[in-house]
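Structure assessment
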Amino acid sequence: MRVIKYFGTRINLIILVVILSILALIAGLMIGYGVLGDGHAKDVLKPSLWSDVIGKLK
């Protein structure tokens, strides 16, 4: 029973770290594009922006 609780705690911790990392990435992209760049912060979430960026990289 103790082992199951240990692994459950570890899995919850890993999930929390992944979620916080994704949120930090999104916040960083929004700050970078909205504050430092020329666009609106919410535009970074639009798929059309990312297709343009990928198109320019090819």
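Notes on the structure follow.

Parameters and conventions
- One numbering rule holds for all chains: residues counted from 1, following each sequence as written.
- In view of the model being predicted, local features appear only for residues whose pLDDT reaches at least 70, and side-chain atom pairs are presented and counted only at 80 or more, with totals across whole chains, interfaces and linings using the full set of residues.
- Side-chain metrics in this entry use all non-hydrogen atoms of the structure; hydrogen atoms and water are not considered.
- A helix here means a DSSP run of H or I that spans at least four residues, while a strand means a run of E at least two residues long, and both kinds are numbered starting from the N terminus.
- We take the radius of gyration over the C-alpha atoms and set the globule estimate at 2.2 Å times the residue count to the 0.38 power.
- When accessible area is computed with a 1.4 Å probe and restricted to protein chains, residues below 20% of their type maximum are described as buried, those above 50% as exposed, and intermediate ones as partly exposed.
- Residue burial considers only the protein chains on display, and all accessible areas are found by Shrake-Rupley using a 1.4 Å probe.
- The salt bridge criterion pairs a side-chain nitrogen of Lys or Arg with a carboxyl oxygen of Asp or Glu, the two atoms within 4 Å.
- For this analysis, residues touch if any pair of their heavy atoms sits within 4.5 Å.

Considerations on the overall build of the chain
- Summing up its helical and strand segments, the chain has two helices and zero strands in all.
- Its C-alpha atoms give the chain a radius of gyration of 18 Å, more than 25% over the compact-globule value 10 Å for 58 residues.
- Dimensions of the chain along its principal axes, counting C-alpha atoms only, are 55 × 25 × 15 Å.
- The buried share of the chain, reckoned over its 58 residues, is 5%.
- Carbon and sulfur atoms make up 73% of the accessible area of the chain, which totals about 5300 Å².

Side note on the pattern of salt bridges
- Inspection of every chain in the model, using the stated rule, returns one salt bridge.
- Where Lys46 meets Asp43, a salt bridge forms, and the shortest distance between an N and an O atom there is 3.3 Å.

Details of the environment of Asp43
- With respect to the helices and strands, Asp43 occurs in the loop between helix H1 (2–36) and helix H2 (47–57).
- The spatial distance from the C-alpha of Asp43 to the C-alpha of Met30 is 8.1 Å, given a sequence separation of 13 residues.
- Those residues within four positions of Asp43 in sequence are excluded, and the remaining contacts are Tyr33 and Leu49.

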